[in-house]
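Analysis of the macromolecular model
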There are 2 protein chains.
Amino acid sequence: MSAKSPETRRARFPFDAIVLDDNGSEPITDQLEQQIKAAILERRLKPGDRLPSTRQLSSDLTVARNTLKNAYSQLIAEGYLIAAAGSGTRVADEIPDRVLQPFTPRRKHKSASSPTKVSSAAKRIQSFQPWIETNTNRPVRPFLPHTPSNADFPSEVWAKLTARRLRQSAGGLLDRGDPRGFRPLREAIADYLGSARGMSCHADQVFITAGAQQGIDLLTKLLVDPGDRVCMEDPCYMPAKFVFELANAKVVTVPVDDQGISVKRLYEKAPSAKLAYVTPSSQFPTTATMQLSRRLSLIEWARDSGAMIIEDDYNGEFRFRGRPLPALYGIVPETQCVIYMGSFSKLLFPSLRIGYLVVPDDLIDPLASSRWLIDRHSPLLEQAVLTDFVDEGHFARHVRRMRIIYAERQTTLVQAATDHLSDVLEVSPADGGLHLVGRLNTRVREKELMRAAMAARVELTPMSQFCVRETDTNGVILGFAPFSNTQIRRAAKQLAAACKGMQSQLDRQMP
Amino acid sequence: MSAKSPETRRARFPFDAIVLDDNGSEPITDQLEQQIKAAILERRLKPGDRLPSTRQLSSDLTVARNTLKNAYSQLIAEGYLIAAAGSGTRVADEIPDRVLQPFTPRRKHKSASSPTKVSSAAKRIQSFQPWIETNTNRPVRPFLPHTPSNADFPSEVWAKLTARRLRQSAGGLLDRGDPRGFRPLREAIADYLGSARGMSCHADQVFITAGAQQGIDLLTKLLVDPGDRVCMEDPCYMPAKFVFELANAKVVTVPVDDQGISVKRLYEKAPSAKLAYVTPSSQFPTTATMQLSRRLSLIEWARDSGAMIIEDDYNGEFRFRGRPLPALYGIVPETQCVIYMGSFSKLLFPSLRIGYLVVPDDLIDPLASSRWLIDRHSPLLEQAVLTDFVDEGHFARHVRRMRIIYAERQTTLVQAATDHLSDVLEVSPADGGLHLVGRLNTRVREKELMRAAMAARVELTPMSQFCVRETDTNGVILGFAPFSNTQIRRAAKQLAAACKGMQSQLDRQMP
């Protein structure tokens, strides 16, 4: 009945006699815990005693098994019990007195435990939190921007390539990888940039990142000292600004016009700077395209001011009209002042988390060491599958196909806005990108429009979300990429109806 | 013969008449480039003119196609030519004068372009580079440490689970993910920690990272201000020290004994501190295990000094003897001063890049915002597959199986060292972990042993690589995890032979 080995001895303590008060002020878990703890302290339960399984005891005491599990876990965590794999739970061999004395009274602080003391950087990050929350986790419905059409992604091809890689070379892909990125992928990207973007770069200059945001973070670490001036467009891509501010850079914002950042104002506001972050292919969020002469002036400014330029080409592939403009990178080959940044999030799918930088030769090693210190490298499997996807032509085919689909959706959105929303806002086609800007009619207020959109279950993104000084309360951003023509038209109608409803309400209030 | 549309007009310029000087001082690419450029400037090649394909022209001129491609790329990059997808290369419609004038003379700076101006952080990172290079990219042969046995990983199971996830829910997995991590994975980890490590934590407290290194980086950002004291073991895990130093923390190193970090010395050297980074399950690299009383003292110190503790439990699963010790985390449940850190790199495979933190409730939101700013989130597919791997029992099975395999390899290494290397070093078994420490006999110098190891093509890692102040030149680290018993024995014999050879050489030199 009772084996003598302390390892396996079944406890003689009458667990089934534990009395629990369902109406007591203490939760059942705590009552269980305290009674078992008391039994141990009073040596009614002895070192090595095996406890009944939670399954058995929960049935004996008619309490939920999870409640019992929690009590056991708690006692294990506190060192009273030991969970031995395969042999159940037993009383610890040694209960040091220290466990028992000093800490027990602190129990009452549990719910009111003092907050963790965080760094000043954490406080700054917390100040960004409202923006981040407002702009993420929004429902995917018209007109949510920044989202590609996942439904049109050739998932079967991707699955096939993944399966092949896992079958062929599982061993090789398990090993740790190169912080600079999977070499064949770097080569595939260099080839692609040469043919598609007219860029002359070598695989040695291509650095794989976990997406554009990591590229910005890595470059900031390597290029920006506290107090350095970093120039940005206004309106701008806010998440980049947050990263610069977190590095204690002095962010200088420069207004944009119909060609993107104003170089004249750059000279005025930042005759010297360490870095400029720009989006010449399609200014974010205005969609303005920078023409060649402005591009050359911008490079001249960079030389004059001693700045490096980050060219975020986040939408370079999706141009629907006009000839493809060469990237800023390499437009003047002997100038190594431009860093090119690309990402596959909007080209393929957002959860992939692969982007890349094209950098001057002497930045590759520092980037590699930085990446190694931050998170080592990107997972290998995705990199290998993406390499095959590019090398075997799926990538080019997908981009070509999506260019047509997106162009059509853009046209639908312009037409739907013209048909239904002309009282409220004016939408013009853009040369590229996955969203359009809607200019509000002068008598429409952003706040009211946003309220109407919420009523119509339509996602509108105010331009002001991206403005620093030049507060542009006269526009909204309308994403069209993942939505069918039908969805786009329906949402425009719904929004129009909600706007009318709101107007008639206002009319009633002010007769 | 000559279509009139400027889009498609074949150039009349006699490309095949280009004369190249094979013996000239200029490379062929440059000669080609200059002659085409001159033709454009002199209007012999006109805007819109289509150039011959590189395939055709390389055959006409008998130059390598790549040489020609480079010349074209260069001219495209400079804005003279345009590569239009599908319609070949043609002369740009507009050659702005500005392209031509100011930059051409700078050509000579090309090879001697000025180095990129980097931040002081980049300079510090460069100072870490030698260590990183010495300790990475080493051949996987005995006795390389820090590497699991990829050959024993159930790749087929992983492939099957991956295929199923891609088949079932490709759509859902393409969307952007939660910066805190894939919810079902967070739940699976909380369950696992409860049952396997006796930890009482909720999925809400589990935060998925791209591996332990990113965990350290994120926590440093959130908890450490410049000048703050961060305590580390000595010897220690250097990559963590680099991260703390990069954040301008004041790193205080504290000697370790046979139970890990000395709490007595912690009180002496750091009566107040912001953070301590420790490895209680298996001190890195000495493999010492911290017993319960030391753990409790450590927590007492953290309370007294106001410090948070990062418990890096990198090897908690691989314990071969002694009873499993509860994690530092939760040993005193009401104290929220311990952050638990785990990683799947050594448990599954290194290229996976998934780790996790268990943190006080109030750190989750700041962590999420930080992660969002750094790189958004980990790729979803791996997270989903790992969830299934854990939930369906493959993980527990794999860890159990590897515990047996690794225990056997450890025993083999101890035996092989005793049989063949007792003149040189002494190896004792460790309670856990994937490496052992070899203590050098007093008359053996580290440098000579390293030379012998190189000759024998055996990987030895000097302890001194991980020492800060307490320079321990009396030990080497021997990894055994990915090597068969035969490989381990053979390597020990080879090393013994090389050591003997070296000794007899020395004997000859000093007769």
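Refer to the structure printed above.
Residues numbered from 1 in each chain as written. Chains lettered and ligands numbered in written order. Predicted model: local features only at pLDDT ≥ 70, side-chain atom pairs only at ≥ 80, totals over all residues. Heavy atoms only, no water.

For the rest of this paragraph, the subject is the environment of F13 of chain A. All names here are of chain A. Mapping F13 onto the fold places it in the segment before α1 (28–41). On a C-alpha basis, the gap between F13 and D49 in space is 9.1 Å, while along the polypeptide they are 36 residues apart. If we skip the residues at most four places from it in the chain, F13 touches I18, A39, R44 and L45. (Helix = DSSP H or I, 4+ residues; strand = E, 2+ residues; numbered from the N terminus. Contact = heavy atoms within 4.5 Å.)

Here we take up the sheet that holds strand β10 (residues 355–358) of chain A. Residue and element names in this part refer to chain A. With mixed pairing, eight strands are arranged side by side in an open sheet as β3-β10-β9-β8-β7-β4-β5-β6. In the strand order of this sheet, the two ends are held by β3 (206–209) and β6 (260–261), each with one partner. Sheet topology note: the strand β4 (residues 229–234)/strand β5 (residues 250–257) ladder contains six bridges and is parallel. Note on β5: the bridge partner recorded for M232 is T253. Along the sheet face, helix α9 (residues 238–246) touches β4, β5 and β7 (275–278) and points at about 160 degrees away from the line of β4. Running over the sheet, helix α12 (residues 364–374) touches β3 and β10 and is turned about 15 degrees from β3. (Pairing = 2+ DSSP bridges. Axes fitted to C-alpha atoms, helices over the stretch in contact; angles between N-to-C directions.)

Scanning the entire structure with this criterion turns up zero disulfides over all chains. C467 of chain B takes part in no disulfide bond, and the closest cysteine sulfur to it belongs to C236 of chain B, at a distance of 8.3 Å. (Disulfide = S-S within 2.5 Å.)

Looking now at the interface of chain A and chain B. With 101 residues of chain A in contact, the opposing surface of chain B contributes 103 residues. Counting the surface lost from both chain A and chain B, the interface buries some 9,200 Å², and carbon and sulfur atoms represent 59% of this. Our count for the contact surface shared by chain A and chain B stands at 32 residue pairs in polar contact (both at pLDDT 80 or more). Looking at which element gives the most residues to the side of chain A that touches chain B, the answer is helix α5 (residues 120–135) of chain A, with nine residues. Residues belonging to the side of chain A that touches chain B are distributed by class as follows: 49 nonpolar, 30 polar and 22 charged. (Buried area = accessible area lost by both parts, 1.4 Å probe. Polar contact = N/O pair within 3.5 Å; in protein donor to acceptor, adjacent residues only side chain to side chain. Nonpolar A, V, L, I, M, F, W, Y, C, P; charged D, E, K, R; others polar.)

Between its terminal C-alpha atoms helix α13 (residues 380–391) of chain A stretches 16 Å, which fits the 16 Å expected from twelve residues at 1.5 Å a residue. All of the buried residues along α13 of chain A are L380, L381, E382, Q383, A384, V385, L386, T387, D388, F389 and V390 of chain A. (Expected span 1.5 Å × (residues − 1). Buried < 20%, exposed > 50% of the residue type's maximum accessible area, 1.4 Å probe, protein only.)

It is worth spelling out the sheet that holds strand β3 (residues 206–209) of chain B at this point. Residue and element names in this part refer to chain B. Taking strand neighbours across the sheet as the criterion, the eight strands line up as β3-β10-β9-β8-β7-β4-β5-β6 in an open arrangement whose pairing is mixed. Looking at which strands have only one partner, the edges of the open sheet turn out to be β3 and β6 (260–261). In terms of strand pairing, strand β8 (residues 308–312) meets strand β9 (residues 338–343) through four bridges, oriented parallel. In the sheet register, I309 faces β9, and the bridge partner there is V338. Helix α9 (residues 238–246) rests against β4 (229–234), β5 (250–257) and β7 (275–278) of the sheet, and its axis sits at about 160 degrees to β4.

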